Amino acid sequence: MNIRFLFLTFVVTLLLAAGLYAATVAQARPADDYALATDDGLELHFSSDGRLTGLQIDGREWLSAAGPALFVRDLSAAGQVTEPNLLTNPGFEMGLAGWTEAINQGLAVSLTTSPTHERERALQFTNDLEQARFAAYSSDLMAVRAGQRYRASAWWRSERGYVLHPAGTPVDWQINYWREAPRGNALYVQWLDETQKIMGDPELVTPLHWNSDRWRLTRGEIRAPAGAAFARLIFGVQLTDNTLWVDDLSFVPATEPELPLTGSIQPCPDSRAQTNDCLVQSIPLPEAGLRFTLTYRARPDHIRVEGEVEDVWGQDRALDITWAAAIAAENGIWWDDVHNSRAITEEVEYANAISAIYDGQLPMSLYPYAGLQVGEQGLALALPLDRPQTALLAYDAADQRYRALFHAGISPQAARVGSRARFDLMLYRFDPAWGFRDVIARHRHIQPAAYATDLPIYDYDDRSQGQYYTPAGAQVVKAEDATNTYSAQYIVGEVHLRTISDTEPMPDMDLIMTLVTDTLASPNPRTRAQARALVNSASLDANREWSIKKVGSFPWSNNKWEIIWAANVDPDMADGLASFMTDWTVDPAFEATEAIDARLDGVQIDNFMSNPTVDLRPEALAATDSSLIYSPHTYQPGVHTGFAFYEYLAFLRRHLDETWGADRGITVNFWGVGHPNYLAPFIDGFGSEGKLRGGAEGENWTPKILDYRRAIAFSKPYMFANQTPGLTAAEAYTFSQMALLYGVWPGHGPNGEGWQPEAEQIISDTATLLKQYWAAGWEPLTYARADEENVWIERFGRVSEGGESLQKGLYFTIHNRDDLTRTTNITLEAQALGLLDPESAQITDIAISETIPFSVENHLIHFDLTLGPKQ
């Protein structure tokens, strides 16, 4: 196959002046008492009682109304609010009155008197077949008020002890299931206007994910959109060879008020005398038993907001804390990612949202930053990456607020944290000319250490993961050393148990727990230790059941049913998974390889953050050093497993540095989304895997997910193992072009069998070509544009910021997204790229070693390219 890869390289010398600056508190306007300012023109203005009175960029006012910037909703008692239930027959005591069958594709449906949740009846669904069947019921219309929040809930119970739907990969659960209403076990809401006309598709409120051995409560909150006057609650049931019971549904107004908070503001005690670059705000809330402290710090290129809330009553708390600025952004632009933006034309919430947990719905942002454009200016809200936290960054056009919403939990059981929670935020401007790309670039510029690694994975010829803690495994590492292969000991941050043969029916929960007990008594000490790690680390839900990620027969499970549970890897959990991985896998692997003078290069973590959830285990609360979150099902405070992973990675980094050498790497296979953001500072290389077709695994190789993963990996290595069986040459070509565009090292996954020889060759050629530029490092700001919308461009190689020469050149990957051949004109901004003499530059297509002619006009370089379909 004749494949043409297009790349451009510049060999140039860059001379840019290094700036010196200091942040100050700006001189306040007469109506203000305090103001903070950055060196690049962003200002916040405050009154002495802590109201936000101005938000300016280059002197232009963004704020549409003065008012408090901090708000809180106390949801601590929300789980006990059950009235008024707007459903007329929530527990099926009147049969199916008040409910209508919306669809039934083969489930047997009946009323039953046993089991029931609390009263006399429940609704039963049965499917005896191995093929999934779906049914859904919708309630009678309920009158609602636009803008009002509502909570929907249901109780579920499964005969097997768990359900199989929603299934698929974590990317599918956390992105697609959040955005759409697929046919799974879940609650949905259908909104209607005052004429009872349907307003769009049903919205997912919350899924039932797997666990349901006893009556399991699922609950979620949703807000009625503008124009809504009526609603229907819909519950869907999808079963494979199982019986599921549903009972005691509810749809209640969520009336907990959002309280605006004000309090005195003054310079920080540690502010510099000449500049006063810091303000602190104290907000006592004695009637609620809370005390807030906000600290605003001005920096040269951003303003940081550091918040803390303390409970003074010694109670469990579930809080939604919002920092917001009133901004009228009609006809503004909301940036979702580098390729997608939306004009703000409707009274809806604009956000790039996913769920913070895989077994429910708790909204957070996919990226750790968001961009709002108004006119020719842009303002970013962002999360710092120096500690774990989740937040939804959004523009609410109905309320005209640009906000960050934090889900916080507080519990006296969290002795190390104390009865407090932290929430941090950054504000900075960005250039709308580059949109979301500039949001990403400035985030890195603000905290460069979070994006840096000293590990030269780019220098290796190949990468490998394995079990190297045995003598045979150590010999494999020694052989890999000879081929310049990066060898990493494999671990996984979840707990697995292989059970009975997959020729038998899937095990129910009673059998599974019996097998756990048997494993604890195994004669094999490693197996016993692994079983103890399961018992001590599996995340607990509100029923004190271990949170099941998946049950199945997998390529690695040797024809047995394997159960996988979400885990808490806090290293302070006694006899837990973290200590098992260290004592039985990581340290023995380094010891075994060191004993034969082989070099083990690092640790590889599989299924990275694929099953984020809230661990309600009391021991988890006692061990955590991070702020808590809360469960949306019960509003109980708990430990987010992503925050526990932060503590584990901090421990692992210290342990490797102190015991085995600071040059040992930590790499991951990051299936998860959202949570890798705050964990990325510990990661030296990002791997990923999936199929190109069929099922949810294909969702791990799409432009949207590639945009996300490339941004989080930034200039660090990003690799992908292609697990597609029977890969054809045509599929390999399309795959290779996307890999080249994003600078993703293409690999042949171990489960990708039966590839065509031509496909193998294409992937090999792609890797050879990629070696020429991927070590230069991806950069979000391309300073390159095509005159065709569907021609995408990425850049590799940094522009000098300190005046030194750039030795490796700049590389551009240019990709035609269309199915038709396109001739496009490319424009490069020579000045922004540091090309002081663009006439003397050389542009080379490094795939075919041909120079490309160009012209220069007003410091802009122009040249034409013809690109084939998907090339």
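Conventions used here
Residues numbered from 1 in each chain as written. Predicted model: local features only at pLDDT ≥ 70, side-chain atom pairs only at ≥ 80, totals over all residues. Heavy atoms only, no water. Core = buried A, V, L, I, M, F, W, Y, C linked by side-chain atoms within 4.5 Å. Buried < 20%, exposed > 50% of the residue type's maximum accessible area, 1.4 Å probe, protein only. Contact = heavy atoms within 4.5 Å. Helix = DSSP H or I, 4+ residues; strand = E, 2+ residues; numbered from the N terminus. pLDDT = per-residue confidence, 0-100. Pairing = 2+ DSSP bridges. Axes fitted to C-alpha atoms, helices over the stretch in contact; angles between N-to-C directions. Disulfide = S-S within 2.5 Å. Phe/Tyr/Trp six-rings, centres within 6.5 Å; stacked < 30°, edge-to-face > 60°. Lys NZ or Arg CZ within 6 Å of the ring centre and 35° of its normal.

### Thoughts on the nonpolar core
Across soluble globular proteins, nonpolar side chains show a tendency to be buried alongside one another.
Here's step 1: Grouped together as the largest cluster of nonpolar side chains are 128 residues, with contacts concentrated most on Tyr-369, Trp-565, Ile-605, Phe-608, Phe-645, Tyr-648 and Leu-649.
Here's step 2: Those residues in contact with Phe-608, other than ones at most four positions away along the chain, are Phe-645, Leu-649, Val-668, Asn-669, Phe-670, Trp-671, Gly-672, Pro-676, Leu-679 and Ile-683.
Here's step 3: Residues Leu-42, Trp-323, Leu-383 and Ala-408 belong to the second largest nonpolar core, which totals 54 residues.

### Brief notes about the side chain of Thr-519
Here's step 1: Positionally, Thr-519 belongs in helix α4 (residues 509-520).
Here's step 2: Judged by relative accessible area, which is 17%, Thr-519 ranks as buried.
Here's step 3: Contacts of Thr-519, omitting those with residues within four sequence positions, involve Leu-497, Thr-527, Arg-528 and Ala-531.

### What about the confidence of the model for the protein chain?
Interpreting fine coordinate detail is not advised for predicted regions of low pLDDT.
Here's step 1: Residue-level pLDDT values for the protein chain average 92, and 94% of them are 70 or greater.
Here's step 2: This model gives residues 1-28 a pLDDT under 50, and the stretch forms 113 contacts once residues within four places in sequence are excluded.
Here's step 3: Between residues 802-807, whose pLDDT stays under 50, and residues either more than four places distant or in other chains, the model counts 10 contacts.

### Here we look at the sheet that holds strand β8 (residues 108-112)
Here's step 1: One open sheet holds the five strands; their spatial order is β8-β9-β17-β12-β15, and the pairing between them is antiparallel. Since the sheet does not close on itself, it has two edges, and those belong to β8 and β15 (216-223), each with one partner. Neighbour-to-neighbour, the strand axes of the sheet open up by a mean angle of 25°, direction not taken into account.
Here's step 2: Across eight bridges, strand β12 (residues 149-158) lies against strand β17 (residues 242-253) in antiparallel orientation. The residue of β17 that forms the bridge with Ser-158 is Leu-244.

### Remarks on the sheet that holds strand β31 (residues 391-396)
Sheets are built from strands paired through backbone hydrogen bonds, the pairs being either parallel or antiparallel.
Here's step 1: In space, the six strands of this open sheet follow the order β18-β6-β23-β32-β31-β26, with antiparallel pairing throughout. Across the chains shown, the open sheet's two edge strands, defined by having one partner strand only, are β18 (259-261) and β26 (349-350).
Here's step 2: As paired strands, strand β6 (residues 70-74) and β18 are joined by three bridges and run antiparallel to one another. Bridging across to β18, Val-72 finds its partner in Leu-259.

### Some remarks on unusual backbone geometry
Excluding glycine, most residues fall at negative phi; most peptide bonds, likewise, are trans.
Here's step 1: With an omega dihedral of -5°, the bond running from Glu-83 to Pro-84 counts as a cis peptide bond.
Here's step 2: Among the structural elements, Pro-84 can be located in the loop between β6 and β7 (99-104).
Here's step 3: For the peptide bond that leads from Ser-114 to Pro-115, omega is 0°, which places it in the cis range.
Here's step 4: When you line up the elements, Pro-115 lands in the loop between β8 and β9 (122-127).
Here's step 5: A positive phi angle, near 60°, is found at Phe-92, a position not held by glycine.
Here's step 6: When you line up the elements, Phe-92 lands in the loop between β6 and β7.
Here's step 7: Residue Phe-92 is classed as buried on the basis of its relative accessible area of 0%.
Here's step 8: The backbone phi angle of Gln-400 is positive, close to 55°, even though this residue is not glycine.
Here's step 9: The residue Gln-400 is located in the loop between β31 and β32 (401-410) in this model.

### Some words on the state of the cysteines
Here's step 1: For the coordinates displayed, the defined rule picks out one disulfide.
Here's step 2: A sulfur-sulfur distance of 1.9 Å marks the disulfide that ties Cys-268 to Cys-278. Between Cys-268 and Cys-278 the disulfide shows an S-S torsion of about -65°. By sign, it is left-handed. With Cys-268 in the loop between β19 (265-267) and β20 (278-285) and Cys-278 in strand β20, this residue pair connects regions lying 10 residues apart in the sequence. Of the two residues, Cys-268 and Cys-278, neither departs from the other in class, the shared state being buried.

### Structural notes on the packing of aromatic side chains
For any two aromatic rings, the description comes down to two numbers: the centre-to-centre distance and the angle of the planes.
Here's step 1: Counting across every chain of the model gives 39 aromatic pairs.
Here's step 2: With centroids separated by 5.7 Å and ring planes inclined at 35°, the aromatic side chains of Phe-92 and Trp-99 adopt a geometry described as tilted. Each member of the pair Phe-92 and Trp-99 is classed as buried.
Here's step 3: Consider the rings of Phe-92 and Phe-235, whose centres lie 6.3 Å apart with planes at 75°: the pair is edge-to-face. Of this pair, Phe-92 sits in the loop between β6 and β7 while Phe-235 sits in strand β16 (residues 230-239); the two residues are 143 residues apart in sequence, bridging distant segments of the chain.
Here's step 4: Overall, Phe-235 belongs to the buried group, its relative accessible area being 1%.
Here's step 5: Linked through ring pairs, Phe-92, Trp-99, Phe-125, Tyr-137 and Phe-235 together constitute an aromatic cluster.
Here's step 6: Positioned above the aromatic ring of Phe-670 is the side chain of Arg-709, whose terminal nitrogen or guanidinium carbon lies 4.5 Å from the ring centre.
Here's step 7: Its guanidinium or amino end placed over the ring of Trp-792, Arg-817 lies 4.9 Å from that ring's centre, counting from NZ or CZ.

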